[in-house]
Amino acid sequence: MIAAIGNITYLLDAVKGTATVTKSIVPYSGDVVVPSAVEYGSAEYAVVEILDGAFAGCLELKSVVIGDSVESIGIGAFEGCGMLASVSFGVGLHVIGMEAFKGCLSLRQLMLPKGVLVIGKGAFMGCTALENVYLPDNLVDIEPSLFDGCSSLQRISIGSMVETIGEYAFCGCSSLECVGFPEGLLSIEGWAFRDCTALRSVQLPKGVAAVKKGAFWGCSSLEKFVLPEAANMLDQGVLAGCTSLREVSLHQGVLSIGYGAFYNCSSIESVTIPAAVVSVGEQAFRSCRALKELRVMCDAAPMCSADIADADVYSRTLLLVKPGLVGEYGFARIWEKFGNVEEV
């Protein structure tokens with residue numbers, strides 16, 4: 001049964017005694033309060049859900065207060081509410097659906113209740129005014145594109161139980177200066193922090209086993225990067241376009257350096273390739289215009305299937321290898337292109 005109560009339209013379930021907020025014929029506007037319960041006829045209904053698209057495209061909606069009984073906010077529930085500047089969440093909220101607040105251009109701050117367990121993909125994508133976010137401790141995964149394009153986001157507090165940061169989660173957060181990573185973090189997926197141009201440093205927990213392709217691509221203010229001990233490779237393009245990067249630390253357990261890993265890291269002057277590395281990917285050091293020395297600590301020349309740099313790098317960079325291996329590198333595929341080879 002559909003009923004308009006106050007300024008909100010509900011679907012009422014007489015059997016369960018529950019109400020869900022649904023789309024209204026007349027778009028919602030101004031300041032809206034979603035109560036914990038409503039009365040209709042002689043019965044009371046607990047408001048438990050805001051349905052998919054319920055407030056989507058309500059261009060004059062300015063603020064929403066959500067009652068404590070509401071447990072879930074549906075897919076695209078507030079998508080495209082360009083004037084929505086304030087949302088107060090009830091303590092009973094557990095689920096925020098995919099793209100629920102996508103494109104809410106006026107939303108500045110998020111204080112999510114502790115009970116939130118799931119926030120869907122792209123839930124706050126394109127919220128360009130969003131500055132501060134506090135994620136609840138019960139959250140295990142940060143879904144893909146969660147804050148993609150939130151260009152005003154400056155700080156993010158990630159809950160202590162988060163294990164995975166999804167693809168493009170913070171892509172294009174060009175004002176993001178600081179990220180606090182929880183100790184239990186295990187994986188940073190592809191392009192997660194791509195083009196976070198204000199990010200200067202990252203301190204990743206030792207247990208992070210995967211920093212996937214392009215994770216910090218285009219972080220042009222990043223000056224230092226330490227690969228966690230649990231990760232055994234520097235993946236494809238992880239640091240590409242980090243034009244301010246001056247210091248990188250790869251631990252002794254690293255086995256491979258991926259395609260374009262340091263592409264256009266134009267400020268880095270020295271890189272040490274650890275002894276366990278068996279392969280270096282194509283274009284790994286291309287456009288590293290400041291690179292003065294490349295230290296290769298391996299007992300044999302790592303495999304290269306194609307050019308790892310450009311002609312300028314080959315001619316200018318000093319290749320330092322272990323004693324007795326200068327001759328080997330002089331005949332090894334790709335490594336032979338370095339004009340200056342010396343023993344460490």
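Criteria and cut-off values
Residues numbered from 1 in each chain as written. Predicted model: local features only at pLDDT ≥ 70, side-chain atom pairs only at ≥ 80, totals over all residues. Heavy atoms only, no water. Pairing = 2+ DSSP bridges. Helix = DSSP H or I, 4+ residues; strand = E, 2+ residues; numbered from the N terminus. Axes fitted to C-alpha atoms, helices over the stretch in contact; angles between N-to-C directions. Phe/Tyr/Trp six-rings, centres within 6.5 Å; stacked < 30°, edge-to-face > 60°. Core = buried A, V, L, I, M, F, W, Y, C linked by side-chain atoms within 4.5 Å. Buried < 20%, exposed > 50% of the residue type's maximum accessible area, 1.4 Å probe, protein only. Contact = heavy atoms within 4.5 Å. Polar contact = N/O pair within 3.5 Å; in protein donor to acceptor, adjacent residues only side chain to side chain.

A.B. asks: I'd love a proper account of the sheet that holds strand β7 (residues 61–66), names of residues and values included.
C.D. replies: Pairing within the open sheet is parallel, and its 3 strands lie in the order β4-β7-β9. Across the chains shown, the open sheet's two edge strands, defined by having one partner strand only, are β4 (30–34) and β9 (86–88). Along the sheet, successive strands turn relative to each other by an average axial angle of 15 degrees, direction set aside. Where β7 meets β9, 3 bridges bridge the pair, whose relative direction is parallel.

A.B. asks: Could you give an account of the packing of aromatic side chains, with specific residues and numbers?
C.D. replies: If you walk through the whole model with that rule in mind, you get 17 aromatic pairs. Both rings, one in Y168 and one in W191, keep their centres 6.3 Å apart while their planes meet at 25 degrees; by these two values the pair is stacked. Residue Y168 is located in the loop between β16 (164–165) and β17 (178–180), and its partner W191 is located in the loop between β18 (187–188) and β19 (210–211); the two are separated by 23 residues in the primary sequence. By the ring-pair criterion, three or more aromatic residues cluster together here, those being Y28, F55, F78, F89, F101, F124, F147, F170, F181, F193, F216 and F225.

A.B. asks: Tell me about the nonpolar core, and name the residues and values.
C.D. replies: Ranked by size, the top nonpolar core spans 114 residues in total, and within it F147 and F216 carry the most contacts. Sequence-distant contacts of F147, defined by excluding residues within four places in its chain, comprise L110, F124, L130, V133, L135, L153, I156, A169, F170, C171 and C173.

A.B. asks: I'd love a proper account of the environment of Y168, names of residues and values included.
C.D. replies: We classify Y168 as partly exposed; its relative accessible area is 29%. C-alpha separation for the pair Y168 and F193, spaced 25 residues apart in sequence, amounts to 6.5 Å. The contact partners of Y168, leaving out residues within four places of it in the chain, are S145, D148, G190, W191 and A192. A distance of 3.4 Å separates the side chain of Y168 from the side chain of W191, its partner in a polar contact.

A.B. asks: I'd like a rundown of the sheet that holds strand β14 (residues 141–142), residues and numbers included.
C.D. replies: Read from one edge to the other, the open sheet built from 4 strands follows the order β14-β16-β18-β19, with strand pairing classed as parallel. The open sheet has two edge strands, β14 and β19, and neither has a second partner. Where β18 meets β19, 2 bridges bridge the pair, whose relative direction is parallel. Directly across from I188, in β19, lies its bridge partner V211.

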